[in-house]
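Examination of the molecular architecture
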Amino acid sequence: MKHFYFLFVLLSVCLNAQKLQVIDSETGKPVSNARIVLQEQLVYTNEDGFAPVDATSKDFEVSALGFKKEKIKNFSSVIKLQPVFKEIEEVKIVSIDIKKLFQDVFKNYEKRYYDKTSVYDVVMKNKYSNNDKLYFMAISEAKLWSKTNWYNFKDGYNKRYDDIIQLQLNNVKYLKRNATDSVFSAKMKEVNHDYIGSYFFNHEVDRVLRFMKTSNAKFSGTIVGEEEDDQLINFKLKTSYGVTLDGNLRYNKIDKVITSYQIIYNQEDLAAEKKIAADGKEYTVKGGIATYTYEFYKKDGVYIPAVSRVESDKFTYFYKDETHVKKTMREIVYNTFTKADEKGLDPKVDFTKSIWQGIPVKDEKETAILLSKEEQEFVNEK
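Counting restarts for each chain: residues are numbered from 1 in the order of the written sequence. Local features are withheld for residues below a pLDDT of 70 in this predicted model, meaning they are given only at 70 or higher, and side-chain atom pairs are given and counted only at 80 or more; totals for whole chains, interfaces and linings count all residues. Hydrogens and water molecules were not included; the side-chain quantities draw on all heavy atoms of the structure.

1. Regarding unusual backbone geometry
Residue Pro347 is bonded to the preceding Asp346 through a cis peptide linkage, with omega at 5°. Take Pro347: it is sitting in the loop between strand S20 (322–339) and helix H6 (373–380). A positive phi angle, near 50°, is found at Asn131, a position not held by glycine. Under the DSSP-based scheme used, a helix requires at least four consecutive residues in state H or I and a strand at least two consecutive residues in state E, with every element numbered from the N terminus. Looking at where Asn131 falls in the secondary structure, it is placed in the loop between strand S9 (118–130) and strand S10 (133–146). Burial classes follow relative accessibility: with a 1.4 Å probe on protein chains only, a residue under 20% of its type's maximum area counts as buried, one over 50% as exposed, and anything between as partly exposed. The exposure class of Asn131 is partly exposed, given its relative accessible area of 36%. Unlike most non-glycine residues, Asn149 shows phi in positive territory, near 65°. For Asn149, the location among the structural elements is in the loop between S10 and helix H3 (153–157).

2. So, the packing of helix H1 (residues 98–107) against helix H5 (residues 201–212)
Following both chains from N to C, one finds H1 and H5 inclined at 140°, their axes separated by 10 Å at the closest point. Of the possible angle classes, the one that applies to H1 and H5 is oblique. Crossing hand, H1 versus H5: left-handed. Residues Ile98, Lys99, Phe102, Gln103 and Phe106 of H1 form the contact with H5, whose own contacting residues are Asn202, Val205, Asp206, Val208, Leu209 and Met212. Residues of the contact of H1 with H5, tallied by class, amount to 7 nonpolar, 2 polar and 2 charged. Between N-to-C directions, angles cover 0 to 180 degrees, with each direction set by a line fitted to C-alpha atoms, over the stretch in contact for helices. Roughly parallel means an angle under 35 degrees; roughly antiparallel means over 145; roughly perpendicular covers 65 to 115; every other angle is labelled oblique. In this scheme the crossing of two helices becomes right-handed for a clockwise turn of the near helix relative to the far one and left-handed for an anticlockwise turn of less than a right angle. Residues are treated as being in contact if the distance between any of their heavy atoms lies within 4.5 Å. Gly falls in the polar group here, along with every residue not listed as nonpolar (Ala, Val, Leu, Ile, Met, Phe, Trp, Tyr, Cys, Pro) or charged (Asp, Glu, Lys, Arg).

3. A short note on the packing of aromatic side chains
What counts as a ring pair is set by centres within 6.5 Å for rings of Phe, Tyr and Trp (its six-membered ring), and what kind of pair is set by the plane angle: stacked under 30 degrees, edge-to-face over 60, tilted for all other angles. Overall, the coordinates contain 25 aromatic pairs when judged by the stated rule. Seen from their ring centres, Tyr109 and Phe201 are 6.4 Å apart, and the 50° between their planes marks the pair as tilted. Placement of the pair is Tyr109 in helix H2 (residues 109–112) and Phe201 in helix H5, with a sequence separation of 92 residues. For the residue pair Tyr109 and Phe201, the accessibility class agrees, reading buried in each case. In textbook terms, an aromatic cluster arises when at least three aromatic residues are bridged by ring pairs, as seen for Phe102, Tyr109, Tyr113, Phe201, Phe235, Tyr261, Tyr294, Phe296 and Tyr303. We call a charge positioned over a ring when the NZ of a Lys or the CZ of an Arg lies within 6 Å of the ring centre and within 35 degrees of the ring normal. Across from the ring centre of Tyr199, 3.8 Å away, lies the NZ or CZ of Arg330, which sits over that ring.

4. Looking at the sheet that holds strand S5 (residues 58–63)
The 4 strands are arranged S3-S2-S5-S6 in an open sheet whose pairing can be described as antiparallel. Both edges of this open sheet fall to strand S3 (42–44) and strand S6 (70–74), since each of them pairs with a single strand only. Looking at each pair of strands side by side, their axes are set apart by 25° on average, direction ignored. Any two strands with at least two DSSP bridges between them are considered paired. When strand S2 (residues 35–37) meets S5, the two strands line up antiparallel, connected through 3 bridges. Following the sheet pairing, Val37 is matched in S5 by Glu61.

5. A short note on the pairing of strand S14 (residues 244–252)
Counting buried positions along S14 gives 7 out of 9 residues, so the element sits mostly inside the fold. Sheet topology note: the strand S13 (residues 230–238)/S14 ladder contains 9 bridges and is antiparallel. Along S14, the bridge assignment pairs Phe235 with Gly247. Adjacent in sequence and paired antiparallel, S13 and S14 are bridged by 5 residues, among which Gly242 carries a positive phi angle near 105°. With 9 bridges joining them, S14 and strand S15 (residues 257–266) adopt antiparallel strand pairing. Each bridged residue has a counterpart across the sheet, and for Asn248 the counterpart in S15 is Gln262. In this structure, the hairpin formed by S14 and S15 is closed by a connection of 4 residues, where Lys256 is found at a positive phi of approximately 60°.

So yeah, pure geometry; function would need other evidence.
Right, here's the structure in full:
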């Protein structure tokens, strides 16, 4: 099975948090994106497999896609996860009707995932790179309010975004912009139906189903492993106009819920398009890949979000004799969950503007946030 490694920020409410590392029991390599569900919060490992967990923590769960879950009774500085299987030849591949699975999840979404008003303590991260050089990074502790925990398409189409989701930036830990030689600078995406929808998994399920309905679309799904009540499923979808989808997910066959999901949209075979920038500059853009990740965990009998991440890579911009390969990432880690009323947040960000403009940055940088090597070097740059 493929393992995709992405950069994450991690939060612990304990300022004196002890680090632990999650590694592959067979290779000894660090496991990034490993989820650690503690008694009162949730954290993830960074690209080096490290996560901030208090040394007094007990009875917590560690899991990662492609590995067996581990129940940890007492804190340990190193956690070893065992791969679900060693070689693909050892696994009995079973075909599955992936379209039927997605249709069932979408139809029953409000019954199987938490659908009441709630507020979360989250860590939000945005990053932008040009030609493999990081030039914008923002990391903030925030509150996220959701009225129903799913994307309301009617409100979205009518641009009633505040009735769907609200965000409050409470403590901007890191905010740095470097000048870039690109004619294209980092900007907040213009708010629209699909942008707001990308915060919610039901919007993603709907998009995949719409791709499956396109003419001459070909798709398949296979069960490549099982762990207790979970099925590990790979799926592929190819469209007639050059976009391919390659995904993997963890499906709880008892609760009929997708608990971990990651999909890559490959647009590299699409023809390059000529564009005109806001300042009138003409350029050409070649498609790349976009990756969407969503994870959920069960708490008090209901499934609530753990992380959502949207990434793009290899999108190439040609301007005169310049070539700029762009990479972006927006990530939200849901550290805590609380039931809430429908009043929403006050104050809240205006999604129609860049949410990182004119925001004071607090000086204290507690060890609660673990930066990757690349991120730390970027922060230290003069």
